[in-house]
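Letter by letter, the chains look like this.
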Amino acid sequence: MIDRRLFLLSAIPIPFYAASPLQVLSPREAVIVEALCDQIVPADDAPGARQAGVLYYIDRQLAGPLARFAPRYHAALPVFNGLPDLPFAEQTAFLQALKGEPAAFFQLVIDHTMQSYYGSPEHGGNRDEASWKMLDIVDVMGGHKH
């Protein structure tokens, strides 16, 4: 028998980017993708890939328009399995040393990260217009500058 409180909590709608369930990536794959994305757009004085919801954009797109890349993600991510456990600088060194297919796959992740981070929030990334605010192309009230 399911706990009534747990059932009620599961019925509460959650905004897509807050805690969206993964559609394509396994939890471990998601950890790896997030580590890759954090290397591509690390947080500094502006939000990085993690804060902008890049992982959820990639997962959402792999379930839809970018579904043709899902098998490539599943095949390539095991090569990066230990990456999230390394310090940031060692992750960087590992990624800089990539050759062949792992390097080509990382380039694909770079492309998808850029699409998410700089794209429209309506597609699941660029949460709270993080990159647009960083680039000063939206004002704090949400109006687009002309």
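Preceding block: the structure.
Cut-offs and rules
- Residues numbered from 1 in each chain as written.
- Predicted model: local features only at pLDDT ≥ 70, side-chain atom pairs only at ≥ 80, totals over all residues.
- Heavy atoms only, no water.
- Helix = DSSP H or I, 4+ residues; strand = E, 2+ residues; numbered from the N terminus.
- Buried < 20%, exposed > 50% of the residue type's maximum accessible area, 1.4 Å probe, protein only.
- Lys, Arg positive; Asp, Glu negative; His and termini not counted.
- Salt bridge = Lys/Arg side-chain N within 4 Å of Asp/Glu carboxyl O.
- Contact = heavy atoms within 4.5 Å.
- Phe/Tyr/Trp six-rings, centres within 6.5 Å; stacked < 30°, edge-to-face > 60°.
- Expected span 1.5 Å × (residues − 1).

Its location among the elements puts Glu-29 in helix 3 (residues 27–40). Buried and unpaired, Glu-29 has Arg-28 as its nearest opposite-charge partner, separated by 9.7 Å. Not counting the four nearest positions on each side in its chain, Glu-29 is found in contact with Val-24, His-74 and Leu-77.

Bringing the packing of aromatic side chains into the picture now. Applying the stated rule across the entire model yields three aromatic pairs. Aromatic side chains Phe-80 and Phe-94 sit 6.0 Å apart centroid to centroid with 80° between the ring planes, which places their arrangement in the edge-to-face category. Placement of the pair is Phe-80 in the loop between helix 5 (70–76) and helix 6 (88–96) and Phe-94 in helix 6, with a sequence separation of 14 residues. Given a relative accessible area of 1%, Phe-80 falls into the buried group. When the centroid spacing of 5.8 Å and the interplanar angle of 45° are considered together, the rings of Phe-80 and Phe-105 count as tilted. Within this pair, whereas Phe-80 is found in the loop between helix 5 and helix 6, its partner Phe-105 is found in helix 7 (residues 100–118), the two being separated by 25 residues in sequence.

Here helix 3 spans 20 Å end to end across 14 residues, near enough to the 20 Å set by a 1.5 Å rise per residue. Buried residues dominate helix 3, accounting for eleven of its 14 residues. Those residues of helix 3 that sit buried are Glu-29, Ala-30, Ile-32, Val-33, Glu-34, Ala-35, Leu-36, Cys-37, Asp-38, Gln-39 and Ile-40. Residues of helix 3 that are buried sit in contact with helix 4 (54–62), helix 5, helix 6 and helix 7.

So, on to the environment of Ser-26. One can find Ser-26 in the loop between helix 2 (16–19) and helix 3. When the C-alpha atoms of Ser-26 and His-74 are compared, they prove to be 9.0 Å apart, with 48 residues separating the residues in sequence.

Any link to function would need more than the numbers given here.
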